[in-house]
Amino acid sequence: MTVRVGVLGVGNIGQDHIRRLSRVLCGASVVALSDIDSARASTVAGGVTGARVFDTGQELIRADDVEAVLVASWGPTHADFVLAAIEMGKSVFCEKPLAPTIAACLHIVDAEVAYGRRLVQVGFMRRYDDGYRAMKTAITSGALGTPLLIHCAHRNASVPPNVTSDMLITDSAIHEIDLVRWLLDEEIVAARVLKPRRSGRVGELQDPQLVILETVTGVVVDVEVFVNCGYGYDIRCEIVGESASVSLDDPSGVILRRDGQRAGRVPGDWRERFARAYDAELQAWLDSVAASTVTGPSAWDGYAATAVADACLTALESGERAAVQLAARPALYG
Ligand code: NAP
């Protein structure tokens, strides 16, 4: 079966997902595009055989030939598009964040619960990375014993000058927030954010930050977020259990030994580092849409991640420990 997909937002990741849906994966046809920048939408559509351009996202979602919707526009626009897709009973893949506010996320959760079946998958692609999946297996198989601590680092070579201190949490650490919940299969209950000495290369930006999370069973997680580290996209994770530890391997695959040096490549950015995870994530979505059973990261996961990020922002501002307040989890989400 071929799923006819409409894509909303054709910027960086929207175009990358269109390439993936059109040229890499099985079972998808991109039939519609829309972007607030209509000239950009037309240019992108020129490279996608059979894709129509819609003036607005709402028109695209209502179109009869669009079976499923992929939302890759700016974060604050996500909720309206996801709600419209739910209203039409169409499956929707929404890039993170599901929505930037807790209230908007809960609105989506309520709408999906009222619809009665899952339609929403959120773009937390790291759950599809081979390394993280092996780490989860190490936990569920009992190889680690009880998990006690997780150490993470999230480093980008650089980010655009319009990135704010809050965005180190809402755009970057949100991936670790989701991963911790997924790896441990438990909720995060509190957050603190330490502000180390600021890098002299980035003006007023609080970069790096050290985010400290506590889970419901007392696992403590530290996440170094450093988005102008200067040398590449470097993602690290180690889980320390009672009897063993497991960590992500070097993603470079090969080591070059030359002139007395031993070197491996550091990925340039997230596209390179997680290329296979993005492919696997969207293939799983297409397969689940074809089977009418959405199984990936849920609207509840999107809500919980935003709630934890919100607590982190409170902690960043106050310098204090901030508790995470979660609503009761509806039965739809297990
Ligand atoms: P981007 O390059 O700015 O692209 C967003 C696109 O959406 C732009 O073309 C923007 O147009 C357009 N847009 C804005 N409002 C719209 C509306 N109302 N209707 C239709 N289109 C609209 O941003 P990006 O880097 O691709 O990020 C897009 C989303 O993906 C963000 O939520 C981001 O957090 C997420 N993302 C996720 C990952 C991941 O690892 N999962 C990685 C990257 C991005 P203008 O430029 O004219 O505003």
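Not measured: the values here are computed from a predicted model.

As a further point, take the pattern of salt bridges. Following the criterion strictly, the structure yields 22 salt bridges and no others. Three or more residues joined by partner-sharing salt bridges are found here, namely Arg127, Asp178, Arg181, Glu187, Asp301 and Arg329.

This paragraph deals with a nonpolar patch on the surface. Judged by side-chain polarity, Leu148, Leu149 and Val220 come together as a nonpolar surface patch covering roughly 200 Å² of accessible area. In this fold, Val220 is placed in strand 10 (residues 220-226).

With that settled, the discussion passes to the packing of helix 5 (residues 102-115) against helix 10 (residues 299-318). Packed helices, taken two at a time, are described by their axes: the angle between them and the distance between them. Running from amino to carboxyl end, helix 5 crosses helix 10 at an angle of 165 degrees, the nearest separation of the two axes being 9 Å. Considering the angle they form, helix 5 stands roughly antiparallel to helix 10. As helix 5 packs across helix 10, the resulting crossing turns out to be left-handed. Where helix 5 approaches helix 10, its residues Ile102, Cys105, Leu106, Ile108, Val109 and Glu112 are matched on the opposing element by Ala299, Trp300, Gly302, Tyr303, Thr306, Ala307 and Asp310. When the residues that make up the contact of helix 5 with helix 10 are grouped by side-chain class, the tally is nine nonpolar, two polar and two charged.

Next up on the list: helix 7 (residues 167-184). Here helix 7 spans 25 Å end to end across 18 residues, near enough to the 26 Å set by a 1.5 Å rise per residue. Of all 18 residues in helix 7, 15 are buried; the element is thus mostly enclosed. Following helix 7 by one or two positions, Asp185 has its phi on the positive side, about 55 degrees.

It is worth spelling out the environment of Glu317 at this point. With respect to the helices, strands and loops of the structure, Glu317 is situated in helix 10. As for Glu317 and Thr295, which are separated by 22 residues in sequence, their C-alpha atoms are 36 Å apart.

A separate point is the packing of aromatic side chains. Tallied over the entire structure, the rule returns six aromatic pairs. A centroid spacing of 6.1 Å and a plane angle of 65 degrees characterise the contact between Trp270 and Tyr278, whose relative ring orientation is edge-to-face. Residue Tyr278 is classed as buried on the basis of its relative accessible area of 4%. A ring pair is formed by Trp300 and Tyr303, whose centres lie 4.9 Å apart and whose planes are at 55 degrees; its orientation type is tilted. On the criterion of helical spacing, the pair formed by Trp300 and Tyr303 is a turn pair, its members being three residues apart in helix 10. According to the relative accessible area criterion, Trp300 is buried, its value standing at 2%. Residue classification places Tyr303 among the buried positions, given a relative accessible area of 2%.

Our focus in this paragraph is the layout of surface pockets. Computed from the structure, the second largest pocket encloses a volume of approximately 370 Å³. Lining of the second largest pocket is provided by 18 residues; of these, Arg127, Trp182, Gly296, Pro297 and Asp301 occupy positions nearest its centre. Contributing elements (two or more residues each) for the lining of the second largest pocket: helix 6 (130-140), helix 7 and helix 10. Its residues placed into classes, the lining of the second largest pocket shows five nonpolar, three polar and 10 charged.

Turning to the domain arrangement of the chain, a few remarks are in order. In many reports, interface size means the accessible area that the parts give up when they come together. Partitioning the chain into domains gives domain 1 (3-124 + 277-297) and domain 2 (127-273 + 307-323). With centres defined by C-alpha atoms, the gap from domain 1 to domain 2 works out at 27 Å. Counting residues at the interface gives 15 residues for domain 1, matched by 11 residues for domain 2. Between domain 1 and domain 2 lies a buried interface of about 1200 Å² when both sides are counted; carbon and sulfur atoms form 66% of it.

Conventions we followed
- Residues numbered from 1 in each chain as written.
- Predicted model: local features only at pLDDT ≥ 70, side-chain atom pairs only at ≥ 80, totals over all residues.
- Heavy atoms only, no water.
- Salt bridge = Lys/Arg side-chain N within 4 Å of Asp/Glu carboxyl O.
- Patch = residues over 30% accessible without salt bridge, like charges linked within 9 Å, V, L, I, M, F, W, Y side chains within 5 Å.
- Areas by Shrake-Rupley, 256 points an atom, 1.4 Å probe, with all protein chains shown as cover.
- Helix = DSSP H or I, 4+ residues; strand = E, 2+ residues; numbered from the N terminus.
- Axes fitted to C-alpha atoms, helices over the stretch in contact; angles between N-to-C directions.
- Parallel < 35°, antiparallel > 145°, perpendicular 65-115°, else oblique.
- Left-handed = near helix turned anticlockwise from the far one by under 90°.
- Contact = heavy atoms within 4.5 Å.
- Nonpolar A, V, L, I, M, F, W, Y, C, P; charged D, E, K, R; others polar.
- Expected span 1.5 Å × (residues − 1).
- Buried < 20%, exposed > 50% of the residue type's maximum accessible area, 1.4 Å probe, protein only.
- Phe/Tyr/Trp six-rings, centres within 6.5 Å; stacked < 30°, edge-to-face > 60°.
- 1 Å grid on protein atoms, 1.4 Å probe; cavity = no way out; pocket = protein on both sides within 12 Å on 5 of 7 lines; lining within 4 Å.
- Points joined across faces, edges and corners; volume = space filled by probe spheres on them.
- Domains from an automatic or database assignment.
- Buried area = accessible area lost by both parts, 1.4 Å probe.

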